[in-house]
Amino acid sequence: MNAASTRADSQPFRRPNRSALAAGDVRERHGGRRLATGVTITAAIVILADLLRAVLLAPFYPIGIGPWAAWLSLAAILAVGVASRLVSRSNPLPDWLYVILLVALAVPVWLDVAATWGYLDRGVTPTAAAAAGAVLIPVAAIRGTRVPLAVACAIGVVIATSTLLQAGVAGEYTVVGLAVAVSAVLPTLLAVFAISGFRSLVGRELDLSLVQSTVSTAPSAVGMQASEELAKLDFDAETLLDDVGSGRIAIPLPTAAAERAAAVAARLRARLIEGRTDTWLKHAVLESAYLSNRVVLDDPEGAAGLLSQQQRDGLLLALWLLVGERRKGPAEPISVELRSPATDDDHASPSVVEIDIEVFGVVLRRLDPATWEAVDSVGRHDLVAGGESFRIELECQVNFTSSASATAARSAANPRGS
């Protein structure tokens, strides 16, 4: 790689607010609401099963209030949570209320464990405490997954500890008590796996949809990051010129104002020079939360701008699928190098673009067939297998229209004979 190489992780990209919200909002939209509804129904079924078990076990309790104090406190917490959710449906649940509701779950757990203490030998086990674990299933869908899972595990530990402390007299019912402890954690754990997988899948697809818009841009493109930088430069320049025009800054410029003007001019020149080879592919990599730390791009001549839209679609999808096959853990990023061979006529548009994709951390035989279909849509390819990596060498035929439209940008980036 040369100095023109673009390592995405060296230039962290911050999405504009609108696209960041679109990429991150997988809880209320993009099927997130259906997921929340599904896990809520699942939680309701688990809670009703525990309630039915409480009714069946009620005759085995000694004379007194039995498990119903715990169930009433759990019902109160559920009522407050549902009401607050309905009232603040357009806004996220306040953090303070979220914490209070989670801490309040300790009340039914304590009441239930206290009511069943000493009766495990009769087969009496906690019911409301196990249901409290199921209450956390929809919470994991609405909020993050880590805290609800941790609370569910804590409830399971409390029930398991209570069971083990009675193991001496409980006998075979110890297994039943431990099964109840597991039932307080297992539904939430399965829900967390499903929710995390769903959010990861939807987040990836949304990120692909956001960066896929770059394939239809001009050969020398301006992405979201460059747009923000140019807007700030424009504002700084306009502010300086307005100060001079209104007389707030005298001419000749004072030292501080002159240094400010020189800094703005230098940033504008750097932005314009860099923009000559800012192609759709560079912005697609930089602006993708999924590709930015996993792909290194080397395209000093802006050759990616010569590709047709179909070839761009295929190349972006191929990179996406290759990144998806990488092993978890630290791995060397995928290297993408583009070049357009020299022609006899310095002013002629190149008809071929060569692309080398060096892939690390991917098992070749496990590649999805869709990856090779995407690669074939870019151009003719050869596969070179290595010890720890493999390389895909592509030769892309560029049609006259797309190459002619990029000639000016390519000549500006790499002038010859000047």
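(A) Representation of the pairing of strand β3 (residues 334–339) in the model. Examined bridge by bridge, strand β2 (residues 295–298) and β3 share four bridges and lie parallel to one another. Looking at the pairing, Leu 297 lines up with Val 336 of β3. Pairing geometry for β3 and strand β4 (residues 352–360), over five bridges, is antiparallel. If you follow Arg 339 over to β4, its bridge partner there is Glu 354.

(B) A look at the nonpolar core. Within the largest apolar cluster, 41 residues are counted, with the highest numbers of intra-cluster contacts made by Trp 71, Leu 74, Leu 105, Leu 136, Ile 155 and Ile 159. Those elements giving two or more residues to this core turn out to be α2 (32–57), α3 (68–87), α4 (95–104), α5 (106–116), α6 (128–142), α7 (146–165) and α9 (173–211). In terms of residue count, the dominant contributor to this core is α6 (11 residues). If near-sequence neighbours (up to four positions away) are discounted, Leu 105 is found in contact with Leu 74, Ile 77, Ala 132, Leu 136 and Val 151. Residues Val 211, Leu 291, Leu 315 and Leu 338 belong to the second largest nonpolar core, which totals 39 residues.

(C) Representation of helix α13 (residues 309–324) within the structure. For α13, which comprises 16 residues, the first-to-last C-alpha distance of 22 Å matches the rise-based estimate of 22 Å (1.5 Å per residue) to within 8%. Listed as buried for α13 are Gln 311, Arg 312, Gly 314, Leu 315, Leu 316, Ala 318, Leu 319, Trp 320, Leu 322 and Val 323.

(D) Quick look at the pattern of salt bridges. For the coordinates displayed, the defined rule picks out nine salt bridges. The partner of Glu 337 in a salt bridge is Arg 339, with the nearest N and O atoms 3.9 Å apart. A salt bridge links Arg 339 to Asp 356; its shortest N-O distance comes to 3.0 Å. Linking Arg 339 in strand β3 with Asp 356 in strand β4, this pair joins segments that are 17 residues apart in sequence. The class of Arg 339 is partly exposed, set by a relative accessible area of 30%. Through salt bridges with shared partners, a single ionic network connects Glu 337, Arg 339, Glu 354 and Asp 356.

(E) Representation of the packing of α4 against α5. Axis separation between α4 and α5 bottoms out at 5 Å; the angle between their running directions is 0°. Taken together, the axis directions place α4 and α5 in an arrangement best described as roughly parallel. In contact with Leu 102, Val 103 and Ala 104 of α4, α5 contributes Ala 106, Val 107 and Pro 108. When its residues are assigned to classes, the contact of α4 with α5 shows six nonpolar, no polar and no charged.

(F) Quick peek at the packing of aromatic side chains. Scanning the entire structure with this criterion turns up one aromatic pair. Considering the side-chain rings of Tyr 290 and Trp 320, the 4.9 Å spacing of their centres and the 45° angle between planes classify their relative orientation as tilted. One end of the pair, Tyr 290, is in the loop between α12 (280–286) and β2; the other, Trp 320, is in helix α13, with 30 residues separating them in the sequence. The buried category is assigned to Tyr 290, whose relative accessible area is 13%.

(G) Up close: the packing of α6 against α9. The geometry of α6 relative to α9 is characterised by a closest axis approach of 8 Å and an angle of 10° between their N-to-C directions. Of the possible angle classes, the one that applies to α6 and α9 is roughly parallel. Here Ala 130, Gly 133, Leu 136, Ile 137, Ala 140, Ala 141 and Ile 142 of α6 lie close against α9, whose contacting residues are Val 180, Ser 183, Ala 184, Pro 187, Thr 188, Ala 191, Val 192, Ile 195 and Arg 199. By residue class, the composition of the contact of α6 with α9 is 12 nonpolar, three polar and one charged.

(H) Inspection of the UniProt feature "transmembrane region" (unreviewed entry) in the protein at higher detail. Sites flagged by UniProt as "transmembrane region" (unreviewed entry) map to residues 35–56, 68–87, 96–117, 123–142, 149–169 and 175–195. Secondary structure content for residues 96–117 is 91% helix and 0% strand, and the end C-alpha separation is 32 Å. Along residues 149–169 the backbone is 95% helical and 0% strand, and the end-to-end C-alpha distance reaches 31 Å.

(I) Geometry of the environment of Arg 199. Inspection of the secondary structure assignment puts Arg 199 in helix α9. By relative accessible area, Arg 199 is classed as buried at 15%. Along the primary structure Arg 199 and Ala 141 are separated by 58 residues, whereas in three dimensions their C-alpha atoms are 9.8 Å apart. Within the local environment of Arg 199, its side chain forms a polar contact with the backbone oxygen of Ala 140, the two atoms lying 3.1 Å apart. Polar side-chain contacts of Arg 199 include one of 2.7 Å to the backbone oxygen of Ala 141.

(J) Examining the side chain of Thr 174 more closely. Following the sequence through the fold, Thr 174 ends up in helix α9. You can call Thr 174 buried: its relative accessible area is 11%. Only 2.9 Å separates the side chain of Thr 174 from the backbone oxygen of Gly 171, close enough to count as a polar contact. When sequence neighbours within four positions are dropped, the list of residues in contact with Thr 174 reads Leu 120, Thr 163 and Ala 167.

What counts and how
Residues numbered from 1 in each chain as written. Predicted model: local features only at pLDDT ≥ 70, side-chain atom pairs only at ≥ 80, totals over all residues. Heavy atoms only, no water. Pairing = 2+ DSSP bridges. Helix = DSSP H or I, 4+ residues; strand = E, 2+ residues; numbered from the N terminus. Core = buried A, V, L, I, M, F, W, Y, C linked by side-chain atoms within 4.5 Å. Buried < 20%, exposed > 50% of the residue type's maximum accessible area, 1.4 Å probe, protein only. Contact = heavy atoms within 4.5 Å. Expected span 1.5 Å × (residues − 1). Salt bridge = Lys/Arg side-chain N within 4 Å of Asp/Glu carboxyl O. Axes fitted to C-alpha atoms, helices over the stretch in contact; angles between N-to-C directions. Parallel < 35°, antiparallel > 145°, perpendicular 65-115°, else oblique. Nonpolar A, V, L, I, M, F, W, Y, C, P; charged D, E, K, R; others polar. Phe/Tyr/Trp six-rings, centres within 6.5 Å; stacked < 30°, edge-to-face > 60°. UniProt positions renumbered as here; feature names shortened; annotations may be inferred. Polar contact = N/O pair within 3.5 Å; in protein donor to acceptor, adjacent residues only side chain to side chain.

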